[in-house]
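Examining the three-dimensional arrangement
In case you want the letters, here they are:
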2 protein chains.
Amino acid sequence: MAVTLADVAARAGVSAATVSRVLSGNYPVAGGTRTRVLRAVEELEYVVNGPASALAASSSDLVGILVHDIADPFFGIIAGAVQSEMGDGDGSGGRNGRKLAVVCNTGGSPERELTYLTLLQRQRAAAVVLTGGAVEHPEHSPALASRLRRLADGGTAVVLCGRPPLPEPDAAPGAPAPVPGQRAATDEPAGGTEGGARPGGGVRPDGGIRPGGSARPEGGTRPDGGARSEGSGIVTVSFDNKGGARRLTEHLLALGHRTIGYVAGPAERTTTRDRLDGHRLALGAHSPALLEDAERLTVHGGAYDRSAGYDGALELLRRTPRVTAVIAANDTVALGICAALRDQGLRIPEDISVAGFDDLPFSADAAPALTTVRLPLHDAGVRAGRLALGRQAPPPGGVATVQAELMARASTAPPRAD
Amino acid sequence: MAVTLADVAARAGVSAATVSRVLSGNYPVAGGTRTRVLRAVEELEYVVNGPASALAASSSDLVGILVHDIADPFFGIIAGAVQSEMGDGDGSGGRNGRKLAVVCNTGGSPERELTYLTLLQRQRAAAVVLTGGAVEHPEHSPALASRLRRLADGGTAVVLCGRPPLPEPDAAPGAPAPVPGQRAATDEPAGGTEGGARPGGGVRPDGGIRPGGSARPEGGTRPDGGARSEGSGIVTVSFDNKGGARRLTEHLLALGHRTIGYVAGPAERTTTRDRLDGHRLALGAHSPALLEDAERLTVHGGAYDRSAGYDGALELLRRTPRVTAVIAANDTVALGICAALRDQGLRIPEDISVAGFDDLPFSADAAPALTTVRLPLHDAGVRAGRLALGRQAPPPGGVATVQAELMARASTAPPRAD
DNA sequence: CTGTTAGCGCGTTCAC
DNA sequence: GTGAACGCGCTAACAG
């Protein structure tokens, strides 16, 4: 059906192996031969057979990027940044360099997440990047963790971006792990609040990792400097959601707000929990009384979308009409909140303040401009991409945390005097 | 390294062939044997080797979705819809049904578009869906067209979504080609009112379809029912950008506006051109004088993004301070325009009206709610997905057009009396 | 530097 | 209903 390597070889008067070498570019070939081969390729419009090549080399150039919601710019920005790193860059590493970076939309469903990972594993993907908060579920979390480890053991680079690192596979016998919920020390112990102890991740009955640590098949010739040694080789770029949320609430507190509503995301997402933790940390630090009200002032939406904000705001207003400020799970939710508030005849920020999270591009243009917390999504994505390709040494401990920055704008103001 | 079919076969006490048959599910296998095999698969955590399977079967389950900007919800919605069709649906077609639907971000660059197509061709993708307006470029367009035809000839289903159908490959000798820059005659000769006459499903100048039609290599054994026969087999779901734009401008005209600015997208995108055409059609139908001003009142942005709107609006104001309304290339651009206008101290819609296009989710929530044109993006994506999988018979002529609907909201109002 | 020789893991005829 | 071969197109040792 299609033209094959052999066809090209015949046309160029060389052997198939030579053509392969020319195309791979990672082997010395005489100048003249090379041009002849290249010309034959042109003339025949030859296109490598990916599956065959992948089979023979037992490696592919597929890189999967998993996102919860492809229609959400939060993920679009990260995914775009990751992809931008795949392009050409030719990090001195021989080969053609071009990876097929590809984004997979899980729709927030754990099952689809697993399904995609299986499909990617089936394709023997070169790398997989999981973006956004993880879903915490007693059944799903261990399943995900084990699948990820298997991927990593199979030679696929695994990068987590925007979620906490995987819990340790299992405490080594004798060395009691520091509580399942450990994280890079980005949080201060403070207030003893110590958010929800997370479901002690995948406690495997067998324990033990493969002794040798998976050897990367692509025998790295270049001085990676980095210690890919780190545990399973799964690296993570996590966001300082907690710290950002905390600063945001402190901002509101400083403005004088004392009755702050919170429209959170789905309860089982780590992002949701971390942001809520930060919020409560700030509340508790200010006064225990505020912390007590927090529960009642929090409503969980079913997703990080507009309608969650709209409905959540209405619910909040019903429960506690005297709220003077509302914090949203993210910017999109914040917009939904604004819409609901306006529909109720409330002015922002005169009657009520609203704040978001993420600082998506549209937030600065909203009317009024949205107070929010900026997350360097693009940078994080770039970093994740580099890590996935092994172009950058993994951070110490395998975890890098990117900071969140408060963006105080027009949607927040002191509460009304009455 | 990994567990293979043979391992599973051994464990189950059968031959590799049998395991393969069980997994493919498209062949009779004794009940007992099947369960034993399945159990062995479970126990060994066997995962099919995609490349090997693809090589042997010369087909893969990869489906590529190309988008211009992954951070733009316009594409996210379409891509998500396409993906949703890939899931399980098991359209009676034997096999496991699960496709690896995957989105590729071209960033609007023709080169990257071509690159991705090459990569997908290399993977022997089952289908490719190109979304969003095409880039019209004397060099790129033919290159793209020929690559798409080769893909289609190679057995990959090709679906265009949101762009015009490909021009006929080349007039048969004797029938002079309608000029390189041609397109399916979706435009009426202008001047003539000939309103929303829906782009007559690609009224090709020649009428005929390619006689032979490239024989599908995959000697189709299964009764596809559908007539994949159509020309190259490339089907398209196009948007009625022109009709929608026209109705939008008519709306403004009816409100009394006579000096309407237009912040268009990149000049070389078909979407840009189609929308502008519709705009001018309405203008011309109203009065030739308005049409004359149109050129001066149009500014092109470098992309369909916020800053194009912001900058464009400023430029427009500088050139023609007395504009009473501004139409944007799309909703995102419209938001940028609103921001610029507000920064200039203008109120919307009291001082100036603004309208967008697409009706993205956030548009209804903007302040004021944005007047725009709704495109059924989700439906279009679903349709494209079905077409790609051959689950739905291609529309007559290979072209389906989805309609655009005017959404008149608060951002447009009659011009000020002065 | 280049040709030869083996498989990579699976789908698919064939016989049985 | 099941097993035994063969080959998909390419890469990776080895020779030379």
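Below, the structure is looked at part by part. (Residues numbered from 1 in each chain as written. Chains lettered and ligands numbered in written order. Predicted model: local features only at pLDDT ≥ 70, side-chain atom pairs only at ≥ 80, totals over all residues. Heavy atoms only, no water.)

Turning our attention to the environment of Ala404(B). Residue and element names in this part refer to chain B. Secondary-structure assignment places Ala404 in the loop between strand E11 (399-402) and strand E12 (405-407). Looking at Ala404, the relative accessible area reads 7%, which means it is buried. Along the chain, Ala404 and Gly244 lie 160 residues apart, while their C-alpha atoms are 5.0 Å from each other. Residues contacting Ala404, with those up to four places away along its chain left out, are Asp240, Gly244, Arg247, Val373, Arg374 and Leu375. (Helix = DSSP H or I, 4+ residues; strand = E, 2+ residues; numbered from the N terminus. Buried < 20%, exposed > 50% of the residue type's maximum accessible area, 1.4 Å probe, protein only. Contact = heavy atoms within 4.5 Å.)

Turning to the protein's contact with DNA strand C, a few remarks are in order. Lining the immediate environment of DNA strand C, one finds 23 residues, of which Thr18(A), Thr33(A), Leu5(B), Ser20(B) and Tyr46(B) sit closest. Among the atoms of DNA strand C lying within 4 Å of the protein, the sugar-phosphate backbone contributes 61%. Interatomic distance of 3.4 Å between a backbone N/O atom of Ala56(A) and a base oxygen of DNA strand C. Between DNA strand C and the protein, one listed contact pairs a phosphate oxygen with a backbone N or O atom of Leu5(B) at 2.5 Å. Those elements that place two or more of their residues in the surface near DNA strand C are helix H2 (16-24) and helix H4 (50-57) of chain A together with helix H2 (16-24) and helix H4 (50-57) of chain B. Looking at the surface near DNA strand C, the element that brings in the most residues is H4(B), giving four residues. By residue class, the composition of the surface near DNA strand C is 14 nonpolar, seven polar and two charged. (Near = heavy atom within 4 Å. Polar contact = N/O pair within 3.5 Å; in protein donor to acceptor, adjacent residues only side chain to side chain. Nonpolar A, V, L, I, M, F, W, Y, C, P; charged D, E, K, R; others polar.)

With that settled, consider the packing of aromatic side chains. All names here are of chain A. With the rule as written, the count across this model stands at four aromatic pairs over all chains. Taken together, Phe74, Phe75 and Phe239 form an aromatic cluster joined through their ring pairs. Here the guanidinium or amino end of Arg275 rests over the ring plane of Phe357, the centre of that ring lying 3.8 Å away. (Phe/Tyr/Trp six-rings, centres within 6.5 Å; stacked < 30°, edge-to-face > 60°. Lys NZ or Arg CZ within 6 Å of the ring centre and 35° of its normal.)

Contacts to DNA strand D come from 22 residues, most closely from Leu5(A), Tyr46(A), Thr18(B), Arg21(B) and Thr33(B). Between Ala30(B) and DNA strand D, the recorded distance is 2.8 Å, taken from a backbone N or O atom to a phosphate oxygen. Between Ala56(B) and DNA strand D, the recorded distance is 3.5 Å, taken from a backbone N or O atom to a base oxygen. Put simply, the parts of the chain that give the surface near DNA strand D at least two residues each are H2 and H4 of chain A together with H2 and H4 of chain B. If one sorts the elements of the surface near DNA strand D by residue count, H4(A) sits on top with four residues.

Residues and elements named next belong to chain B. Restricting attention to buried positions, one finds in H2 the residues Thr18, Val19 and Val22. Each buried residue of H2 lies within a common arc of 100 degrees when the element is viewed along its axis, so the set occupies one face. Structurally, H2 contributes buried residues whose contacts are with helix H1 (5-12) and helix H3 (31-44). Downstream of H2 by one or two residues, Gly25 has phi in the positive range, about 70 degrees. (Arc of directions from axis to C-beta.)

The next point concerns the relation of the copies chain B and chain A. Relating the two copies of this chain is a rotation about some axis coupled with a shift parallel to it. With an RMSD of 0.1 Å, the fit of chain B onto chain A corresponds to turning through 180 degrees and sliding 0.0 Å along the axis. Both chain copies can therefore be described as sitting about a two-fold axis. In terms of C-alpha distance to the rotation axis, chain B has Pro51(B) as its closest residue, with the C-alpha 2.1 Å off the axis. When the interface residues of chain B are mapped onto chain A, 96% of them are again interface residues, pointing to one common binding face. (Least-squares fit on C-alpha atoms with pLDDT ≥ 70 in both.)

What follows concerns the sheet that holds strand E8 (residues 325-328) of chain B. Paired through backbone hydrogen bonds, the strands of a sheet run either parallel or antiparallel to each other. All names here are of chain B. Ordered by their spatial adjacency, four strands build an open sheet running E7-E6-E8-E9, and the pairing between neighbours is parallel. The strands lining the two open edges of the sheet, one partner per strand, are strand E7 (298-300) and strand E9 (353-355). Adjacent strand axes in the sheet meet at a mean angle of 15 degrees, parallel and antiparallel pairs treated alike. As defined by bridge partners, E8 adjoins E9 across three bridges and the pair is classed as parallel. In the strand pairing of E9, Ile327 is matched with Ala355. (Pairing = 2+ DSSP bridges. Axes fitted to C-alpha atoms, helices over the stretch in contact; angles between N-to-C directions.)

Our focus in this paragraph is the sheet that holds strand E6 (residues 260-264) of chain A. Residues and elements named next belong to chain A. Here four strands make up an open sheet; going across it, the order is E7-E6-E8-E9 and the pairing parallel. The two strands at the open ends of the sheet, each matched to only one other strand, are strand E7 (298-300) and strand E9 (353-355). Going across the sheet, the axis of each strand differs from the next one's by a mean of 15 degrees, ignoring polarity. Pairing geometry for E6 and E7, over three bridges, is parallel. Counterpart to Tyr262 in the pairing with E7 is Thr298. Contacts between helix H8 (residues 241-255) and the sheet are confined to E6, strand E8 (325-328) and E9, with E8 contributing the most and set at about 170 degrees to the helix.

A word on the packing of helix H11 (residues 306-319) of chain B against helix H12 (residues 331-343) of chain B. The description of two helices packed together rests on the angle between their axes and the distance between the axes. Residues and elements named next belong to chain B. At a minimum axis separation of 6 Å, H11 and H12 run at an interaxial angle of 45 degrees. The angle between the axes of H11 and H12 places the two elements in the oblique class. Crossing geometry of H11 relative to H12 is assigned as right-handed. On H12, the residues that touch Arg306, Gly309, Tyr310, Ala313, Leu314 and Leu317 of H11 are Thr332, Val333, Gly336, Ile337, Ala339, Ala340, Leu341 and Asp343. Among the residues forming the contact of H11 with H12, the class breakdown is nine nonpolar, three polar and two charged. (Parallel < 35°, antiparallel > 145°, perpendicular 65-115°, else oblique. Left-handed = near helix turned anticlockwise from the far one by under 90°.)

All names here are of chain A. Packing of H8 against helix H9 (residues 270-286) brings their axes to within 7 Å, and their N-to-C directions diverge by 40 degrees. One finds that H8 runs oblique with respect to H9. As H8 packs across H9, the resulting crossing turns out to be right-handed. Contacts from Asn241, Lys242, Ala245, Arg246, Thr249, Glu250 and Leu253 in H8 reach Thr271, Asp274, Arg275, Asp277, Gly278, His279, Leu281, Ala282, Leu283, Ala285 and His286 in H9. Of the residues contributing to the contact of H8 with H9, the split by class is six nonpolar, six polar and six charged.

Taken together, the contact pairs 49 residues of chain B with 47 residues of chain A. Carbon and sulfur atoms make up 59% of the area that chain B and chain A hide from each other, which totals about 4500 Å². Linking chain B with chain A are five salt bridges, by the criterion used here. Asp365(B) serves as the salt-bridge partner of Arg306(A), at 2.2 Å between the closest nitrogen and oxygen. (Buried area = accessible area lost by both parts, 1.4 Å probe. Salt bridge = Lys/Arg side-chain N within 4 Å of Asp/Glu carboxyl O.)

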